[in-house]
Amino acid sequence: MNSLAIYPGSFDPITLGHISVAIRAAKVFSAVQIVVVHNPNKVALFSVEERVSMIHASLADVSTPSNISVSTLESGLLAEYASAQAASAIVKGFRTSADVEYELPMAKVNLDISAIETVFLPAEPGLGFVSSSLVKEVARLGGPIEHYVTSAVRAELERKLQN
Ligand code: PNS
């Protein structure tokens, strides 16, 4: 059976933790679509286009499976988007208990709207503390980020923070 998983997020920027979740989801589902969502509740460092481009570069960097694609959602409900794509599930990564508090209400609302379940994958040991916010903060302060993002993202962060 063909099964599509939608993996949504801000991905500002994508981290090795996100990539790990996408690769592992691609073993469970026939296809995984990473969806870069414009989240009006967050001030983004990168434009949606820049984030998509970094995701493509990062996937190429780590030679990811070919059943992972990248898309965008600039407005509207994720649940409706997932329905329109005939998705089997929404995939999210779980790191700490803070993610439980944040993710469970969204999973419930998305289920109510679309009857599409959210499937959670635990963070890979060693990547459970990596977040886009932390990566940006460390990069702003000139710290090392090579253990958290691909070299493509690192180069883009350095370029962005120089301007
Ligand atoms: O990486 P993030 O910012 O934590 O991801 C949150 C995101 C973008 C997945 C969430 O805000 C979302 O789904 N936004 C789309 C609009 C929507 O459907 N909102 C209702 C969520 S229940």
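Now for a look at the structure at hand. As the structure is a prediction and not an experimental result, all values here were calculated from the model. (Residues numbered from 1 in each chain as written. Predicted model: local features only at pLDDT ≥ 70, side-chain atom pairs only at ≥ 80, totals over all residues. Heavy atoms only, no water.)

### As for the site of the ligand
No. 1: Among the 13 residues in the neighbourhood of the ligand, the closest are listed as Ser10, Asn39, Lys42, Leu78 and Tyr102.
No. 2: Between the ligand and the protein, one listed contact pairs an oxygen atom with a side-chain N or O atom of Lys42 at 2.7 Å.
No. 3: The contact in question runs from an oxygen atom of the ligand to an N or O atom on the backbone of Leu78, over 2.8 Å.
No. 4: Of all the elements, helix α4 (residues 97-114) adds the most residues to the shell around the ligand, at four residues.
No. 5: Split into classes, the residues belonging to the shell around the ligand amount to six nonpolar, five polar and two charged. (Near = heavy atom within 4 Å. Polar contact = N/O pair within 3.5 Å; in protein donor to acceptor, adjacent residues only side chain to side chain. Helix = DSSP H or I, 4+ residues; strand = E, 2+ residues; numbered from the N terminus. Nonpolar A, V, L, I, M, F, W, Y, C, P; charged D, E, K, R; others polar.)

### Focus: the packing of aromatic side chains
No. 1: In this structure the tally under the stated criterion is three aromatic pairs.
No. 2: Here the aromatic rings of Tyr7 and Phe11 are separated by 5.2 Å at their centres, their planes lie at 80 degrees, and the arrangement is edge-to-face. Phe11 shares its class with Tyr7; the two are buried.
No. 3: With 6.0 Å between their ring centres and 90 degrees between their planes, Phe129 and Tyr148 make a pair best called edge-to-face. One end of the pair, Phe129, is in the loop between β5 (117-122) and α5 (132-140); the other, Tyr148, is in the loop between α5 and α6 (151-162), with 19 residues separating them in the sequence.
No. 4: Residue classification places Phe129 among the partly exposed residues on the basis of a relative accessible area of 48%.
No. 5: Assessed through its relative accessible area of 24%, Tyr148 is described here as partly exposed. (Phe/Tyr/Trp six-rings, centres within 6.5 Å; stacked < 30°, edge-to-face > 60°. Buried < 20%, exposed > 50% of the residue type's maximum accessible area, 1.4 Å probe, protein only.)

### Points about the pairing of strand β3 (residues 68-73)
No. 1: Direction of pairing for strand β2 (residues 31-37) relative to β3: parallel, over a ladder of six bridges. Residue pairing in the sheet places Ile34 in a bridge with Val70 of β3. (Pairing = 2+ DSSP bridges.)

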